[in-house]
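If you want the building blocks of each chain, they are given just below.
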Amino acid sequence: MRNGELLEMIWRGDIVSSDSDAARRMARVLDTLVPLPIICLSARTGVDRSLLLLEETELMPGLPLGDVLAEELGIDVPYGAMVVIGGADLAAGRAADGDLSHAAGLLVGEALLDAVRRGIFPLEKETDALYVMACSYHRLAGGAALQQLGLVPAQFRRGLGASLGAYWSGARSCLTDSSGLFAQPDFLDSPRLIDYLAALDAGFTAPASDRVRAGLLLFPGGARDHDDWLALVERAVSLELAQQARRIHTAGAARDLTA
């Protein structure tokens, strides 16, 4: 959806503040996964699946989303907030846990892609960084705390795979990717995916997925603005990649000594 179309929908009243059960549950899940202020809205029509935008997103030159929501809907939008617009996948007052989980995976994937697109990692490390971040959330989804909130791990992982798959495959959206590489919950451990990413990016080192901490991108101190979150993400992921590189180097050196 183009930003101008979204602006027109807000002006028409097609996007409204949401306090439904589904919106509250989604906010609780995302609060746990991504430590940013979260605003949940609902689209009455025109949105097939939930969208994620930042309050700074300009709907017109010099007109950020946060200002539009404050003016049109009377919503106080904190600086650096993440705005979720619930679509048909969350239209029901009480969405099924599986639907909510799939939508949460899609939204988390979009947040990770946004971080990569902002250039916080060197170009030659972007695929490694995105893979590591995905592995962390893949493992995190299996935690008891999230499952108590209603998160279904397999559905969250499918949503995450759909979002990342559209990016890595070059599909127009997660609905048009036909590669089959991202459809299964365990897609990150698939040898086919590793080979695909290596062919896509000659710099991809295939970081060990089982070495990535589930809480790699969970930071103490509660919600912070987007710029602070990006800085923490860059630091944590860069450190993880450096540690993985050292392990690979040490293992290679050991093999050379025993050869």
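Structure: above.
Model, not experiment: these values are computed from the prediction.

Section: the overall build of the protein
(1) Moving on: Counting its secondary structure elements, the protein contains nine helices and six strands.
(2) Moving on: Here the protein holds 259 residues, and the buried ones make up 49% of them.
(3) Moving on: The contacts of the protein with a sequence gap of at least 6 include a subset with a gap of at least 24, amounting to 76%.
(4) Moving on: In the form shown here, the protein has an accessible surface area of approximately 12300 Å², with 51% of it arising from carbon and sulfur atoms.

A few points about unusual backbone geometry
(1) Moving on: Of note, the phi angle at Ala206 is positive, near 55 degrees, even though the residue is not glycine.
(2) Moving on: Here Ala206 is to be found in the loop between α8 (191-200) and α9 (226-258).
(3) Moving on: On the basis of relative accessible area, Ala206 is assigned to the partly exposed category, the value being 30%.

Comments concerning the pattern of salt bridges
Oppositely charged side chains may form a pair once their charged atoms are brought near each other.
(1) Moving on: Applying the stated criterion across every chain, the model contains six salt bridges.
(2) Moving on: Among the ionic pairs, Asp21 bridges to Arg25, the shortest N-O distance being 3.4 Å. Placement of the pair is Asp21 and Arg25 together in helix α2 (residues 21-33), with a separation of four residues, close to one helical turn.
(3) Moving on: The partly exposed category is assigned to Asp21, whose relative accessible area is 22%.

Thoughts on the sheet that holds strand β2 (residues 38-43)
(1) Moving on: Strand order across the open sheet formed by four strands is β1-β2-β6-β3, with mixed pairing between neighbours. Strand pairing shows two members of the sheet lacking a second neighbour, β1 (15-17) and β3 (51-54), which therefore form its edges. In this sheet, neighbouring strand axes are inclined to one another by 30 degrees on average, regardless of whether the strands run parallel or antiparallel.
(2) Moving on: Where β2 lies against strand β6 (residues 82-86), five bridges are found, and the strand directions are parallel. In the sheet register, Ile39 faces β6, and the bridge partner there is Val83.
(3) Moving on: Seen against the sheet, helix α4 (residues 97-117) touches β3 and β6 and runs at an angle of roughly 35 degrees to β3.

A look at the nonpolar core
(1) Moving on: In terms of nonpolar packing, the biggest core is built from 61 residues, with Tyr137, Leu217 and Val237 touching the most fellow members.
(2) Moving on: If you tally residues by element for this core, the top one is α4, at 10 residues.
(3) Moving on: With sequence-adjacent residues up to four places away left out, Tyr137 is seen in contact with Leu33, Val34, Val108, Leu112, Phe156, Leu160 and Leu217.
(4) Moving on: Formed by 19 residues, the second largest nonpolar core is a distinct cluster that contains Ile10, Ile15, Ala43 and Leu65.

Some remarks on helix α7 (residues 153-169)
(1) Moving on: With 17 residues, α7 extends 23 Å between its outermost C-alpha atoms, agreeing within 8% with the 24 Å of an ideal straight helix rising 1.5 Å per residue.
(2) Moving on: Burial in α7 covers these residues: Pro153, Phe156, Arg157, Gly159, Leu160, Gly161, Ala162, Ser163, Leu164, Gly165, Ala166 and Trp168.
(3) Moving on: Tucked inside the fold, the buried residues of α7 contact α2, α4, α5 (126-140), α6 (144-148) and α8.
(4) Moving on: Positive backbone phi, at 80 degrees, marks Gly170, one or two positions downstream of α7.

Things to note about the packing of α5 against α7
(1) Moving on: Interaxial distance between α5 and α7 falls to 10 Å at its minimum, and their mutual angle equals 170 degrees. Looking at the two axes, α5 sits roughly antiparallel to α7. Mapping the contact onto sequence places Glu126, Thr127, Leu130, Tyr131, Ala134, Tyr137, His138 and Arg139 in α5 and Phe156, Arg157, Leu160, Leu164, Tyr167 and Trp168 in α7.
(2) Moving on: Here the contact of α5 with α7 is composed, by residue class, of nine nonpolar, two polar and three charged.

So, the environment of Val68
(1) Moving on: With respect to the secondary-structure elements, Val68 resides in helix α3 (residues 65-73).
(2) Moving on: Separated by 10 residues in sequence, Val68 and Glu58 place their C-alpha atoms 9.5 Å apart.
(3) Moving on: Among residues more than four places away in sequence, those in contact with Val68 are Leu7, Ile10, Leu59, Leu63 and Leu73.

Criteria and thresholds
Residues numbered from 1 in each chain as written. Predicted model: local features only at pLDDT ≥ 70, side-chain atom pairs only at ≥ 80, totals over all residues. Heavy atoms only, no water. Helix = DSSP H or I, 4+ residues; strand = E, 2+ residues; numbered from the N terminus. Buried < 20%, exposed > 50% of the residue type's maximum accessible area, 1.4 Å probe, protein only. Contact = heavy atoms within 4.5 Å. Areas by Shrake-Rupley, 256 points an atom, 1.4 Å probe, with all protein chains shown as cover. Salt bridge = Lys/Arg side-chain N within 4 Å of Asp/Glu carboxyl O. Pairing = 2+ DSSP bridges. Axes fitted to C-alpha atoms, helices over the stretch in contact; angles between N-to-C directions. Core = buried A, V, L, I, M, F, W, Y, C linked by side-chain atoms within 4.5 Å. Expected span 1.5 Å × (residues − 1). Parallel < 35°, antiparallel > 145°, perpendicular 65-115°, else oblique. Nonpolar A, V, L, I, M, F, W, Y, C, P; charged D, E, K, R; others polar.

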